Amino acid sequence: MAIVLSKESLSQFVKKYVVEAPRIAKKCLPGQFVMLRLCEDGERIPLTIADFDREKGTITLIVQEVGNTTKQMGETLSPGANILDVLGPLGQPSEIENYGTVVCVGGGIGIAPVYPIARAYKEAGNKVISILGARCRDLLIYEEEMRAVSDEVYVTTDDGSYGEKGFVTDPLKRLLSDPSVKIDRIMAIGPVIMMKNVAETSRPFGVKTIASLNTIMVDGTGMCGGCRVSVGGENRFACVDGPEFDAHLVDFKNLVQRQQMYKGQEAEEYSCGGQCKCLE
Amino acid sequence: MSRVARHAMPEQPANERSKNFKEVALGYDAETAQAEAARCLQCPNPRCQKGCPVGVDIPDFIRYLKEGKMAEAIIALKAKNSLPAVCGRVCPQENQCEKECVLGIRGESVAIGRLERYVADYAREHRLDCVACEIKGEGHGRVAIVGSGPAGLTAAGDLVRLGYEVTVFEALHAAGGVLMYGIPEFRLPKEIVQHEINQLKALGVKIVTNAVIGRTYTIDELLGEEGYDAVFIGTGAGLPHFLHIEGENLNGVYAANEFLTRVNLMRAYQFPKVATPVYIGESVAVIGAGNVAMDAARTAKRLGAKEVSIVYRRSEAEMPARKEEIEHAKEEGIQLCLLTNPLKIIGNEQGWVTGLEVSRMELGEPDATGRRRPVEIPGSNYTMPVDMVVLAIGQGPNPLVQSTTPGLETNRHGNIVATEEGQTSKPGVFAGGDIVTGAATVISAMGAGKKAAAAIHRYIQEKNR
Ligand SMILES: Cc1cc2nc3c(=O)[nH]c(=O)nc-3n(C[C@H](O)[C@H](O)[C@H](O)COP(=O)(O)OP(=O)(O)OC[C@H]3O[C@@H](n4cnc5c(N)ncnc54)[C@H](O)[C@@H]3O)c2cc1C
Ligand SMILES: Cc1cc2nc3c(=O)[nH]c(=O)nc-3n(C[C@H](O)[C@H](O)[C@H](O)COP(=O)(O)OP(=O)(O)OC[C@H]3O[C@@H](n4cnc5c(N)ncnc54)[C@H](O)[C@@H]3O)c2cc1C
Ligand code: SF4
Ligand code: SF4
Ligand code: FES
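Since the structure is predicted, the reported quantities are computational estimates derived from the model, not experimental observations.

Peer 1: An account of the packing of aromatic side chains is needed here, citing residue identities and associated values.
Peer 2: Ring pairs (aromatic) are described by centroid distance and by the angle formed between their planes. All names here are of chain B. Within this structure, the stated rule accounts for 11 aromatic pairs over all chains. Here the aromatic rings of Phe-169 and Tyr-217 are separated by 5.4 Å at their centres, their planes lie at 55 degrees, and the arrangement is tilted. Highlighted residues: Phe-169 in strand 2 (residues 165–169) and Tyr-217 in the loop between strand 3 (206–208) and helix 13 (219–223), separated in sequence by 48 residues. There is no split in this pair, since Phe-169 and Tyr-217 are both buried. Ring centres of Phe-169 and Tyr-228 lie 6.0 Å apart, and the angle between their planes is 85 degrees; on these two criteria the pair is classed as edge-to-face. Here the residue Phe-169 occupies a position in strand 2, and Tyr-228 occupies one in the loop between helix 13 and strand 4 (230–233), the gap between them amounting to 59 residues.

Peer 1: Just give me the short version of the domain arrangement of chain A, but keep the residues and values in it.
Peer 2: Residues and elements named next belong to chain A. What the domain assignment lists for chain A is domain 1 (2–90) and domain 2 (101–259). Counting from both sides, the interface comprises 22 residues of domain 1 and, opposite them, 21 residues of domain 2. Between domain 1 and domain 2 lies a buried interface of about 1,600 Å² when both sides are counted; carbon and sulfur atoms form 66% of it. On inspection of domain 1 and its partner domain 2, the count reaches 1 salt bridge. Here Arg-119 ties to Asp-51 by a salt bridge, and the two come within 3.0 Å at their closest N and O atoms. The tally of links between domain 1 and domain 2 comes to 3 residue pairs in polar contact (both at pLDDT 80 or more). Ranked by residue count, the leading element in the side of domain 1 that touches domain 2 is strand 6 (residues 58–64), at 4 residues. When its residues are assigned to classes, the side of domain 1 that touches domain 2 shows 14 nonpolar, 5 polar and 3 charged.

Peer 1: Any chance you could break down the site of ligand 1 for me, citing the residues and the numbers?
Peer 2: Residues and elements named next belong to chain A. Looking at ligand 1, there are 26 residues lining it, with Pro-46, Ile-62, Gln-64, Thr-70 and Gln-259 nearest. Measuring from a nitrogen atom of ligand 1, one finds a side-chain N or O atom of Thr-48 at 2.9 Å. Residue Gln-259 places a main-chain N or O atom 2.8 Å away from an oxygen atom belonging to ligand 1. With the chains in place, 93% of the 870 Å² that ligand 1 exposes on its own is no longer accessible. Within the residue set of the shell around ligand 1, elements represented by two or more residues are strand 4 (45–48), strand 6 and helix 2 (68–76). For the shell around ligand 1, the leading source of residues is strand 4, giving 4 residues. Looking at the shell around ligand 1 residue by residue, the class counts come to 14 nonpolar, 9 polar and 3 charged. Taken together, domain 1 (2–90) and domain 2 (101–259) each give at least three residues to the shell around ligand 1, which thus spans both.

Peer 1: Any chance you could break down the site of ligand 4 for me, citing the residues and the numbers?
Peer 2: Around ligand 4 sit B:Cys40, B:Leu41, B:Cys43, B:Cys48, B:Pro59, B:Cys101, B:Val102, B:Val110 and B:Ile112, and that is every residue in its neighbourhood. Residue composition of the shell around ligand 4, by class: 9 nonpolar, no polar and no charged.

Peer 1: So, the interface of chain B and chain A: which residues are in play, and what are the values?
Peer 2: Each partner contributes residues to the interface: chain B has 45 residues there, and chain A has 42 residues. Summed over both partners, the interface of chain B with chain A comes to about 3,600 Å²; 49% of that surface belongs to carbon and sulfur atoms. Viewed at the interface, chain A and chain B are joined by 6 salt bridges. A salt bridge links B:Lys273 to A:Asp41; its shortest N-O distance comes to 3.4 Å. In this assembly, chain B and chain A are joined by 27 residue pairs in polar contact (both at pLDDT 80 or more). When residues of the side of chain B that touches chain A are traced back to their parent elements, those giving at least two are strand 5 (239–240), strand 6 (253–255) and helix 14 (256–263) of chain B. When residues of the side of chain B that touches chain A are assigned to their parent elements, the largest contribution, 4 residues, is made by helix 14 of chain B. Looking at side-chain class alone, the side of chain B that touches chain A contains 22 nonpolar, 14 polar and 9 charged residues.

Peer 1: Pulling in residues and values, what's your account of the confidence of the model for chain A?
Peer 2: In this model, chain A carries a mean pLDDT of 90, and residues with pLDDT of at least 70 account for 95%. Counting contacts from residues 268–280 of chain A, a segment whose pLDDT is below 50, to residues more than four positions away or on other chains yields 22 contacts.

Peer 1: So what's going on with the pattern of salt bridges? Which residues, and what values?
Peer 2: Enumeration over the complete set of coordinates arrives at 54 salt bridges over all chains. A salt bridge links B:Glu221 to A:Arg23; the shortest N-O distance between them is 3.6 Å. With B:Glu221 in helix 13 and A:Arg23 in helix 1 (residues 22–27), this residue pair bridges two chains. A:Lys26 serves as the salt-bridge partner of B:Glu225, at 3.1 Å between the closest nitrogen and oxygen. Taken together, the residues span two chains, with B:Glu225 in the loop between helix 13 and strand 4 and A:Lys26 in helix 1. You can call B:Glu225 exposed: its relative accessible area is 54%. One continuous salt-bridge network, built from bridges that share partners, spans B:Glu11, B:Arg17, B:Arg187, B:Asp295, B:Arg298, B:Arg302, B:Glu325, B:Glu331 and B:Glu332.

Peer 1: Could you give me a rundown of the sheet that holds strand 3 of chain B, with the residues and numbers involved?
Peer 2: Residues and elements named next belong to chain B. The strand order across the open sheet formed by 5 strands is 3-2-1-4-16, and the pairing between neighbours is parallel. The open sheet is flanked by strand 3 and strand 16 (429–431), the only strands paired with a single partner. Ignoring which end each strand starts from, the neighbouring axes of this sheet average 20 degrees apart. In the sheet, strand 4 pairs with strand 16 via 3 bridges, with the strands oriented parallel. Considered in strand 16, the bridge of Ile-233 is made with Ala-431. Across the face of the sheet, helix 19 (residues 442–464) comes into contact with strand 1 (142–146), strand 4 and strand 16 while running at roughly 170 degrees to strand 4.

Peer 1: Could you give an account of the sheet that holds strand 2 (residues 14–20) of chain A, with specific residues and numbers?
Peer 2: Residues and elements named next belong to chain A. One open sheet accounts for 5 strands, arranged 5-6-2-1-7; its pairing is antiparallel. At either end of the open sheet lies a strand with only one pairing partner, and these are strand 5 (51–53) and strand 7 (82–83). Bridge analysis of strand 5 against strand 6 gives 3 bridges, and the strand direction is antiparallel. Counterpart to Asp-53 in the pairing with strand 6 is Thr-58.

Peer 1: Could you give an account of the pairing of strand 14 (residues 388–391) of chain B, with specific residues and numbers?
Peer 2: Residues and elements named next belong to chain B. Side chains Met-388 and Val-390 of strand 14 all project onto a buried face; the interleaved residues Val-389 and Leu-391 project onto the opposite face, where all are buried too. In terms of strand pairing, strand 6 meets strand 14 through 3 bridges, oriented parallel. Residue Val-253 lies in a different strand from strand 14, and its bridge partner there is Val-389. As judged from the 4 bridges shared by strand 7 (residues 283–287) and strand 14, these two strands associate in the parallel manner. Looking across to strand 14, one finds that Ala-285 is bridged to Val-389.

Peer 1: Pulling in residues and values, what's your account of unusual backbone geometry?
Peer 2: With an omega dihedral of -5 degrees, the bond running from A:Gly88 to A:Pro89 counts as a cis peptide bond. Relative to the helices and strands, A:Pro89 resides in strand 8 (residues 85–90). In this model, A:Gly242 is joined to A:Pro243 through a cis peptide bond whose omega is 10 degrees. Residue position: A:Pro243 is located in the loop between strand 16 (234–237) and strand 17 (244–246). Its identity is not glycine, yet A:Tyr142 carries a phi of approximately 60 degrees, on the positive side. In the Ramachandran plot, B:His244 falls in the positive-phi region, its phi being about 60 degrees despite a non-glycine side chain. In this structure, B:His244 sits in the loop between strand 5 and strand 6. When its relative accessible area of 69% is taken as the criterion, B:His244 is described as exposed.

Reading the values: the criteria
Residues numbered from 1 in each chain as written. Chains lettered and ligands numbered in written order. Predicted model: local features only at pLDDT ≥ 70, side-chain atom pairs only at ≥ 80, totals over all residues. Heavy atoms only, no water. Phe/Tyr/Trp six-rings, centres within 6.5 Å; stacked < 30°, edge-to-face > 60°. Helix = DSSP H or I, 4+ residues; strand = E, 2+ residues; numbered from the N terminus. Buried < 20%, exposed > 50% of the residue type's maximum accessible area, 1.4 Å probe, protein only. Domains from an automatic or database assignment. Contact = heavy atoms within 4.5 Å. Buried area = accessible area lost by both parts, 1.4 Å probe. Salt bridge = Lys/Arg side-chain N within 4 Å of Asp/Glu carboxyl O. Polar contact = N/O pair within 3.5 Å; in protein donor to acceptor, adjacent residues only side chain to side chain. Nonpolar A, V, L, I, M, F, W, Y, C, P; charged D, E, K, R; others polar. Near = heavy atom within 4 Å. Areas by Shrake-Rupley, 256 points an atom, 1.4 Å probe, with all protein chains shown as cover. pLDDT = per-residue confidence, 0-100. Pairing = 2+ DSSP bridges. Axes fitted to C-alpha atoms, helices over the stretch in contact; angles between N-to-C directions.

Have a look at this one:
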């Protein structure tokens, strides 16, 4: 049982929850996630720990309403409400070292989980360059937070309503091609298609690129094998071996395909009216 | 020798039960139980007892049953076996107690498992397995149990009776291990498992769900700042194996664990009333021939698959599943594709399964295990048209605890190394069940939990001295 302490809308389809979970807050590290189940008939879903406060014993979840459970959260989880089950912290923490210059790429909802990682890179002494992408200005989240932990920030929107018009890969490519900038590592979290394109952009430059994979999960403990992803031709379990992997080795095509497994069964209609390509 | 034949188990008819999740075996009625109990010769030197991994006092409990002393019967059972309603249903009795029964030499053994189930069910329905009859021991100290499968629950039950403060940490949201997430409702109703767990809670066992050891707490933290005197690890064999053949990542391919967890633990058979979906094909191939494979095949059938085949590279005689389960599966219309070796899973452009390429096998020379080795018949490849594949080829140990516990020795398969008594290479840390032996049986896991509880008792007494 975990109590919701606060709830806030970040954009039309994205909400931020601060949840009391002292045990998890005490242990968690950037890059880890929780599994949560709302009620007895509920599904277990994975959500990244977007922030944590060890003193207050709280964790922050940033949730995009895409289907059944995430919408139900939006509708039923007001401050004071209970979440039946919260399990964590799960997954391998991000590798944080002083690499030199790190580019953090966040797309859509992915900006939230990239934030604690960017902060940790900064604390470890890295120069942090952040690239934030969203479909439009209204869907851009966590800009302030990211600016606070970054040395440089680039923003792109698909429709040009804010920042540069285009995709996150545009400024990334410019940075990679700039002889006066030496990039040592790239961290990308966002829609699968974005992570794939980031990987393709950085591949020719040979810069180590990490992606956090959002596979479908059931238990989150390595027991079911449902979260398997092909990395370097070998199957790995995203919940225990990941969720972060070397993006240059990930079979993104298979990841996209496996995410479609229940598309026919689960409501096809997304809160974004289907315009948003965030799930692809 | 008894002239009365062994009494058959009443069952739901195959054509009905293959459409529902209600229990297949209905249990003896009072009269049949009495008649079956009367077959037991009450041997002064009971062979049957030696066949039972926990040494249940079989003639004793059967005698009480025969005399109508049901409270005594359940106490006699529970003295050695804390989960008789479970074991009476899922123990491979034909290889254990019943295999040794003297009546089995020239005729049919006593149906010990069925009688055990009868007594346990009777006790539950009549509230005889009361908490008051449990005696508290003198032990004092705190023990943490990791994992709430049969090994962990048995250790917890014994230790709480010895007087210890016992906390069970379970990663999932429900306690019971494989009894909850693996073995289907139609073989082991979840209500029965929960009843047994409630009994333990009533005795004072604390169960903390949603606590994954290695993450939420480490073993060293349990022994250190959390203040436990000893830890028992019973984390089971939960890590699914894959075949490493082409096409395993196609949509429509499940590891049996995922398929069974979705259906049992998450109750996906009630989708969309419950939120967890499960995919079911029209034509399903289940690869493997153990209990897990039978459970997956029979579950798929119940969820509406038209054709379900077991694909196994050896012959029926080598199938590791219990005979009874194989018979049940056949009655329910599950096909056996024996001497058939899966080579690759074929998919369409959208990434969904459309077929399973297999080759025919024949039995050659015996291998190291004494079983005749299957050899491929050249040029015998063909494709089975299926739209779902379930891999049920075994499970290994989950590495979470081992990889986060310095000083805990493991073998080359990743299983924790422990003595017969459950002592690991780390002081104060004990282990037992599938995490030590590899995937085995409910009763052997319980036996290990029992021995470890006794060893933990000795360890803590020693420490407090
Ligand atoms: C390690 C990890 C961390 C994650 N962190 C976050 C986070 O911080 N915030 C957040 O909003 N989301 C996060 N996700 C994704 C989130 O788990 C899914 O959006 C959620 O499970 C969807 O559940 P639902 O019941 O609302 O939708 P459903 O009704 O189950 O599904 C809606 C649609 O989404 C697809 N889908 C289901 N699960 C996933 C998934 N895991 N990824 C992509 N598509 C899926 C389904 O195929 C379906 O078409 C994370 C996923 C993983 C694996
Ligand atoms: C489908 C299926 C059918 C079977 N049928 C039979 C049968 O008919 N008869 C029979 O005798 N045997 C059968 N077996 C085998 C039997 O169920 C197992 O041998 C037995 O359950 C092992 O018990 P255990 O206590 O060692 O582990 P498990 O029952 O596997 O329980 C381990 C528990 O530990 C938890 N856990 C794991 N890691 C952690 C962690 N890090 N922190 C906290 N908790 C953790 C798991 O979630 C799980 O609940 C079957 C197995 C399966 C899968
Ligand atoms: S526990 Fe299993 S092996 Fe032992 S007597 Fe009961 S059914 Fe037989
Ligand atoms: S061996 Fe058979 S007949 Fe003898 S006591 Fe055991 S169950 Fe009864
Ligand atoms: S979610 Fe089940 S193994 Fe990863």
